Amino acid sequence: MSSASDAELLADVTRFLYREARYQDEHDYDAWEALWTDDALYWIPANGDDLDPETQMSIVYDNRSRIALRIRQLHTGKRHTQSPRSRLRRIVSNIDVLGRTGPDQNDLNVTANALVYESNLRGETLWASRNDYTLRFVPGSGSGPDGGTELRMAKKKVILANNQAALFTLSFLI
Amino acid sequence: MAAALNVLAPTWSRLVQRDRVDGSVYTDPAIFRAELEKIWYRGWVYVGHSSEVPKPNDFVMKAIGPQSVLMTRDKDGQIHLLLNRCPHRGNQVCLEDRGNTTSFVCSYHGWNFRNNGELRGTPFPAGYQGVDKSQLGLGKVARVETYKGFVFGSFAAPGSGPTLLEHLGAAAEAIDRLVQFSPEGEVEVTAGFLKHRTKANWKFIVDNETDGYHPTFVHASIFSTAKSGIGALYNNDSTAVSRYLGNGHSENDLRPEFRRLDKPLGWFGTSEDRLPEYVAKMKVAYGEEKARQILVDGTPHTMIFPNLFIAEIQLFVLQPLAADETVQHVTAIQFKGAPDLNRRMRQQTMGSVGPAGLLLADDTEMYERNQRGVQQRDPETLFLGRGLHRERTDENGFTIGDNTDEVPSRGMWSHYRALMEAT
Ligand code: FES
Ligand SMILES: [Fe+2]
């Protein structure tokens, strides 16, 4: 890859992550859900960074249909822990594209740091994490000459800095 | 401390009455300290499960309230509960969550302890001439007893107070019923714990575990979206019952509903054809008829006072840290010899409990609202009179009520008062 395309790729990825962060901060659940691919995996490990989620408890280990259930529950307005909603502001930084994988090298391994400030009825909480993503180029909805491509999330792993500790309720989208 | 207890002692008849309790029992730091002495550091408390230390020299870090307790298995297979405090100058001795070792070495001056707590050696030993090493081992939880793999500890002196079996009483049957779901008759605690911290008093959580009144309201969002049948167990027409089992223990007995529906594995939202291997093993282990009855009845929903909640597919272990702070440790129950069932138990558990759980995050929101609300001045009490007029005695002599009635709470509080009034 030339450095020009490297820079373009990083710009695309950065724009995508900022958009995801905005949807989450604003509780725009449907827009956030639409960022996922059908083979989605949303994973927040507990008690370490790499415990086997197939045998050990994770804080979240959602496939696509459970992501949809989580969103439907938020939409009821009776998800008490998000009614009233947490007030959120997050900073996403240290974004890096680590490599390409998948068929046709279409998947990007991306990492970023995030720091989320939450204010809710209980008080103020800070959540710090490294987020590992698999982002995928899919055919775009644009009407350009080649149709264009867009990024989607196939995997998001949120590695909380304090995932060894007892955590307060984490019911917003992180 | 002693003075504070004496001041409190005469007031329990005012603080805890048959159908109401005073809000201060959830908020007063002096009451919390008294509870540590009279409940957590005296009676039987659930600590861990023997399957968490399967091999000789395994250890795992556990807790009794704010006390950090090392559960070890020594080379001969015996389980010990050791306090994580160096008898030299108070340093924390073990900093790992789990592992396998024959000895623990204190990082401060190198004292070395066997995994049964004995002091093995001290560096530069000439400095301890004439000192009795046998008096300088790690502190121990004096009484350790195990029931079907469930390890309980009590700080009471050996020989004083009830035995574990006396303490469990009728609640032992919940453990009996639970382990039957393994074709080998054993539960395993091997899936790791989620640790959910909440700014609320531990008794709000105990109260809630067998409160059949709240699910309709607190969990409506997930019952409706997941099209779950659980909600119907807790509605006004449910034939399920709430039961006080004595010694602070209570249950929601859902069997009347499941027997009415008569669907094996219906309690788990699935059916026999989805788990053919498991069902086949159960039939071999228990015979066709008994296996079917077990699978129709479902697992227990039982609160074992003060800190073990058998929540059908999960175990919750409550750890009070302060009057207004508690950690809920929760894991998926795993049944020995049932890998296909266990996988589903883990999946459902991860979805429903822990900090992001579709169910428990809403319960926990209520605990915190309770904690803030109860600090308001008026009324000063919580009213626990639901179903008092229709309490009845079942064929075994236990007090029962409708599933939405506050029979479990009233029973728990009467036991609590007796413990707090004891000298
Ligand atoms: S404090 Fe442990 S050896 Fe000194
Ligand atoms: Fe609940």
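What counts and how
- Residues numbered from 1 in each chain as written.
- Chains lettered and ligands numbered in written order.
- Predicted model: local features only at pLDDT ≥ 70, side-chain atom pairs only at ≥ 80, totals over all residues.
- Heavy atoms only, no water.
- Helix = DSSP H or I, 4+ residues; strand = E, 2+ residues; numbered from the N terminus.
- Rg over C-alpha atoms; globule rule 2.2 N^0.38 Å.
- Buried < 20%, exposed > 50% of the residue type's maximum accessible area, 1.4 Å probe, protein only.
- Areas by Shrake-Rupley, 256 points an atom, 1.4 Å probe, with all protein chains shown as cover.
- Lys, Arg positive; Asp, Glu negative; His and termini not counted.
- Charge placed at Lys NZ, Arg CZ, Asp CG, Glu CD.
- Axes fitted to C-alpha atoms, helices over the stretch in contact; angles between N-to-C directions.
- Parallel < 35°, antiparallel > 145°, perpendicular 65-115°, else oblique.
- Left-handed = near helix turned anticlockwise from the far one by under 90°.
- Contact = heavy atoms within 4.5 Å.
- Nonpolar A, V, L, I, M, F, W, Y, C, P; charged D, E, K, R; others polar.
- pLDDT = per-residue confidence, 0-100.
- Pairing = 2+ DSSP bridges.
- Donors = N, O, S within 2.8 Å, 3.2 Å for Na, K, Ca; no water.
- Phe/Tyr/Trp six-rings, centres within 6.5 Å; stacked < 30°, edge-to-face > 60°.
- Buried area = accessible area lost by both parts, 1.4 Å probe.
- Salt bridge = Lys/Arg side-chain N within 4 Å of Asp/Glu carboxyl O.
- Polar contact = N/O pair within 3.5 Å; in protein donor to acceptor, adjacent residues only side chain to side chain.

Description of the overall build of chain B
- Helix and strand counts for chain B come out as 16 helices and 23 strands.
- For 423 residues, the compact-globule estimate of 2.2 N^0.38 gives 22 Å, and chain B sits close to it at 23 Å.
- Dimensions along the principal axes, computed over C-alpha positions, put chain B at roughly 75 × 55 × 40 Å.
- Burial statistics for chain B: of 423 residues in total, 56% are counted as buried.
- On chain B, roughly 17,400 Å² of surface is accessible, and the fraction owed to carbon and sulfur atoms is 51%.
- The positive charge centre, built from 47 side chains, and the negative charge centre, built from 51, are 4 Å apart in chain B.

A few points about the packing of helix 7 (residues 202-209) of chain B against helix 15 (residues 360-373) of chain B
All names here are of chain B.
- With their axes 10 Å apart at the nearest point, helix 7 and helix 15 run at an angle of 130 degrees to one another. When the interaxial angle is binned, helix 7 and helix 15 end up oblique. The two elements helix 7 and helix 15 cross, and the hand of that crossing is right-handed. For the pair formed by helix 7 and helix 15, the contact residues are Phe204, Ile205, Asn208 and Glu209 on the first element and Asp363, Tyr367, Asn370 and Gln371 on the second.
- Grouping the amino acids of the contact of helix 7 with helix 15 by side-chain chemistry returns three nonpolar, three polar and two charged.

Some points on the confidence of the model for chain B
- Residues with a pLDDT of 70 or more make up 98% of chain B, whose mean pLDDT is 96.
- For this predicted complex, the interface score ipTM comes out at 0.95, alongside a pTM of 0.96.

Thoughts on the sheet that holds strand 18 (residues 314-322) of chain B
Residue and element names in this part refer to chain B.
- Taken together, the nine strands give an open sheet; going across it, the order is 13-19-18-17-16-15-14-23-22, and neighbouring strands pair in antiparallel fashion. Edge positions in the sheet fall to strand 13 (194-198) and strand 22 (392-393), since each of these pairs with one other strand and no more.
- Inspection of the sheet shows strand 14 (residues 241-246) paired to strand 23 (residues 399-402) by four bridges, in the antiparallel sense. If you follow Tyr244 over to strand 23, its bridge partner there is Thr399.
- In the packing of helix 6 (residues 172-179) onto the sheet, contacts are made with strand 15 (249-253), strand 16 (301-304) and strand 17 (308-311), and the angle to strand 17 comes to roughly 40 degrees.
- Set on the sheet, helix 14 (residues 339-352) makes contact with strand 18 and strand 19 (325-332); between it and strand 19 the angle comes to about 155 degrees.

So, the coordination of the iron ion (ligand 2)
- Around the iron ion (ligand 2), the protein contributes the donor atoms His214 of chain B (NE2), His219 of chain B (NE2), Asp363 of chain B (OD) and Asp363 of chain B (OD), which lie 2.0 to 2.7 Å from the metal centre.
- Classification of Asp363 of chain B by relative accessible area gives buried; the value is 5%.

Let's talk about unusual backbone geometry
- A cis amide bond links Ser83 of chain A to the next residue, Pro84 of chain A, at an omega of 5 degrees.
- Even without being a glycine, Asn57 of chain B presents a positive backbone phi close to 75 degrees.
- Of note, Asn57 of chain B is situated in the loop between strand 2 (45-49) and strand 3 (58-64).
- One non-glycine residue with positive phi stands out, namely Asp262 of chain B, at about 55 degrees.
- Note that Asp262 of chain B resides in the loop between helix 11 (255-261) and helix 12 (276-286).
- Assessed through its relative accessible area of 37%, Asp262 of chain B is described here as partly exposed.

Structural notes on the packing of aromatic side chains
Residue and element names in this part refer to chain B.
- With the rule as written, the count across this model stands at 22 aromatic pairs over all chains.
- Between the aromatic rings of Phe59 and Phe104, the centroid separation amounts to 5.1 Å while the plane-to-plane angle is 75 degrees, which identifies the pairing as edge-to-face. Here Phe59, found in strand 3, pairs with Phe104, found in strand 7 (residues 103-105); they are 45 residues apart in sequence, far enough to count as distant. For the pair Phe59 and Phe104, one class covers both residues: buried.
- Measuring from centroid to centroid gives 6.5 Å for Trp111 and Phe113, while their planes differ by 50 degrees, and the two rings are tilted.

As for helix 13 (residues 288-297) of chain B
Residue and element names in this part refer to chain B.
- By the burial criterion, the buried members of helix 13 are Ala291, Ile294, Leu295, Val296 and Asp297.
- Next to the buried residues of helix 13 lie helix 6, helix 11 and helix 12.
- With its phi angle positive at about 80 degrees, Gly298 sits one or two positions after the end of helix 13.

Considerations on the interface of chain A and chain B
- On the chain B side, the residues contacting the 33 residues of chain A number 42 residues.
- Both faces considered, chain A and chain B share a buried interface measuring about 3,100 Å² in area, 53% of it formed by carbon and sulfur atoms.
- Of all residues in chain A, Met57, His80 and Phe168 of chain A bury the most surface against chain B, accounting for 22% of the area lost on that side.
- Our count for the chain A to chain B interface comes out at two salt bridges.
- We note a salt bridge from Glu368 of chain B to Arg122 of chain A, for which the minimum N-O separation is 3.4 Å.
- Applying the counting rule to chain A against chain B returns 25 residue pairs in polar contact (both at pLDDT 80 or more).
- Those elements giving two or more residues to the side of chain A that touches chain B turn out to be strand 2 (58-63) and helix 3 (64-75) of chain A.

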